[in-house]
Amino acid sequence: MTTLVVCLDRTDDVGRKTGLRTPIVGWEAVRALVTDVGLADPEDSGVNSLLEALRVAQDLRDEDEEAVVAVVSGDRESMVSADRAVSRQLDDLIAEYDPDSAVVVIDSAEDERLVPIVESRVRVDSVDRVVVRQARDIESTYYLLKQFLADEELRQTVLVPLGLTLLVFPFLAMRFGTAQGAAAITSVIGLFLLYKGFSIDDVMTGLAHQAREALYSGQVSVVTYVVAAGLTLVGLFAGALGVSSLEDAPGIVVPATQFAFDAVPWLATAAVTASAGRLLDEAIGEQPIRSSYLNLPFLLLAIGLVVRGFSTYFLEQQGVIEPIVVPVIETNVVTVESFVVTAGERLVIYVVSAIVVSLLGARVAASLSTPGQEVDLERSSGGDSTTSGSEGTVDPEPEPEPEPEPEPESDLDPNVDTGAGVTDGGAKSTDASSGSSPDASDEGDATPDDQSAAADESGE
C-alpha cells in the first residue's frame, strides 16, 4: 500500500522564495527544501508544514507502509491557473507512483481550497492542518473569520441584519429614546430569528412556487384559493367587530370566544371552498380521486360546527347571547307550544350535526374512491386476464396440453429378471398373456427361427 503525503501550496511561496519548480518529490529533496525555505523566510509557516509532511511520512514508514512525500505548488498569475497547475502536478504524481491513498498537509485556509482537487483524483485518508503554536488562537480565529466572510449565505444572514441594526438604532434612540429604540431593535431581531428558525422563508418559497405552477397550469383551485382568502379576511373582520361590540368584558376568554363565534362560519366556509377547489382539480385530472380529498370538505365543515357549538355554549352561559326561543307551531293536525332551546341542547345539536357530517363524508369518500381503486387494479394487471361479467371472477389461462410421450420400444424391461430364461439372441421368451415361461431346456433347444419369431412377438 502506497500513501502519498502531499504538502499543498496554492500561492507558490516555495517557488517565489527558493526559485525551485514543483513538484518536489522524495525525502531528501523535501528535507533540503525545508532548509532553503527557512533561510529565505524564517517566519514563514510553510516551514512548519514541510516539517509536518516529513514527520507524517516517517510515521508511516515506521508502521511498515510505503510513503511518498511531495510538495505541490500553484502559480501567481490567478487562482484558476494555480488550481490547474496543482491538478497537472497531481496527475503526474499519481501516474508515476500510483498511490492507494493520500494525506494532505496544509497551513492556511487558502491552501485548504485545494483539498477537493486532491479528493477528485485519489482517496484522502487525512487532512493535516498545521497551525503555529505561538499564534494558534490568532491563526485559528483568522481562518474562521475568513471562511465565514467567504460564505455568501452566512454574510447575508448575519452581517446584513447587524449592519441594519447599527444604522437604525441611533435614529430610534434620538427620536424615541434609548429604551424604546433598544426594545424595537430587540423585537425585530427576535422576529428575524423566529423567521429563520422555523424556516418560514423555505415555506414562503414553496408556496410561491406552487402558486406559479397553479397559475401556469390553469387549475380551478387558484380561483377557489382567492375566494377562500377573501372569506378569511371577512371572517377576521367579523370577529374583530364582534369583539369591539362587547361592553366591559373582563379577561380575554369572553372576547376570544366572541371572536370565534363570529369568525368561525366565514373561516369554515373559506376552508371548505379551498378544499372543494382542490377536489375539482383532482376530479378533472386523469388520476383517480383519493379518499382524503373527498373527505376533507366534510371534515372541515364538522370542525367548524364543533367550534361554533362550543363558542355558542360559553357565550350563552355568560349571558352574551340569548337562548333560542321556538315560537308556537300550529297546524291542522297538531299544535306545538313555544319552548326554549337551552345552551346544553344547542351544544348537543351542533356536536351531533358535526358527527353526522363527518360520517357522511367518510361514506361518500368510501363509495366514490372504490371505482378508482378498481381502475388501478385493472391497470396493474396489464390487461392480460379476462374478467367474467356475471360473477366478476378472473378466468385462469388454459394450461398447455402435455406433449405425447414416445412409445416404448418394448413392453418389458430387459434389465428386470422375471424368472424367465434368456435366449441366445438376447430376447425374453415370457408369455405376456398367460404369465408362464418355457423351460430352460426348451430355450436351449430353440432354433434360430423360433428365436427370431419370439423376438418379433416381444417387440410387438
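Definitions and limits used
- Residues numbered from 1 in each chain as written.
- Predicted model: local features only at pLDDT ≥ 70, side-chain atom pairs only at ≥ 80, totals over all residues.
- Heavy atoms only, no water.
- UniProt positions renumbered as here; feature names shortened; annotations may be inferred.
- Helix = DSSP H or I, 4+ residues; strand = E, 2+ residues; numbered from the N terminus.
- Core = buried A, V, L, I, M, F, W, Y, C linked by side-chain atoms within 4.5 Å.
- Buried < 20%, exposed > 50% of the residue type's maximum accessible area, 1.4 Å probe, protein only.
- Contact = heavy atoms within 4.5 Å.
- pLDDT = per-residue confidence, 0-100.
- Expected span 1.5 Å × (residues − 1).
- Bend = angle between axes of the 7 residues up to and from the residue.

The chain goes by DUF373 family protein in an unreviewed UniProt entry, where it is assigned to Natrarchaeobaculum aegyptiacum.

What about the UniProt feature "transmembrane region" (unreviewed entry) in the chain?
Residues annotated by UniProt as "transmembrane region" (unreviewed entry) correspond here to residues 179-198, 219-243, 263-281 and 293-315. The span residues 219-243 carries 92% helix and 0% strand; its end-to-end C-alpha distance comes to 37 Å. Secondary structure content for residues 263-281 is 100% helix and 0% strand, while the C-alpha to C-alpha distance between its ends is 28 Å.

Considerations on the nonpolar core
Counting 21 residues, the largest nonpolar core has Val 5, Leu 33, Leu 50 and Val 71 as the members making the most contacts within it. At the level of secondary structure, the elements contributing two or more residues to this core comprise strand 1 (2-9), helix 2 (27-40), helix 3 (46-62), strand 3 (66-73) and strand 4 (101-106). Looking at this core, the element that brings in the most residues is helix 3, giving seven residues. In contact with Leu 33, other than residues within four places in its own chain, are Val 14, Thr 18, Leu 20, Ile 24, Leu 50 and Val 71. In terms of nonpolar packing, the next biggest core, distinct from the first, is built from 17 residues, Val 68, Ala 70, Leu 93 and Val 118 among them.

Some thoughts on the confidence of the model for the chain
Considering every residue of the chain, the mean pLDDT works out to 75; 75% of them sit at 70 or more. The low-confidence segment residues 372-398 (pLDDT under 50) makes 12 contacts with residues lying over four places distant or belonging to another chain. Low pLDDT (under 50) marks residues 408-446, which in the prediction has 30 contacts with non-local residues, meaning those over four places away or in another chain.

Side note on the pairing of strand 4
The buried fraction of strand 4 amounts to six of the six residues, a majority that puts the element mostly inside the structure. In strand 4, alternate side chains face the same way, and those of Ser 101, Val 103 and Val 105 on one face and Ala 102, Val 104 and Ile 106 on the other are all buried.

Section: the side chain of Gln 258
When you line up the elements, Gln 258 lands in helix 12 (residues 253-284). Setting aside its immediate chain neighbours within four residues, Gln 258 contacts Gly 242, Val 243, Leu 246, Leu 315 and Val 320.

Notes on helix 13 (residues 291-317)
Its 27 residues give helix 13 an end-to-end C-alpha distance of 39 Å, which sits within 8% of 39 Å, the value for a rise of 1.5 Å per residue. The largest bend along helix 13 reaches roughly 30° and is located at Pro 297. What helix 13 keeps buried is the set Tyr 293, Leu 294, Pro 297, Ala 302, Gly 304, Gly 309, Ser 311, Thr 312, Leu 315 and Glu 316. Following helix 13 by one or two positions, Gly 319 adopts a phi angle in the positive range, close to 80°.

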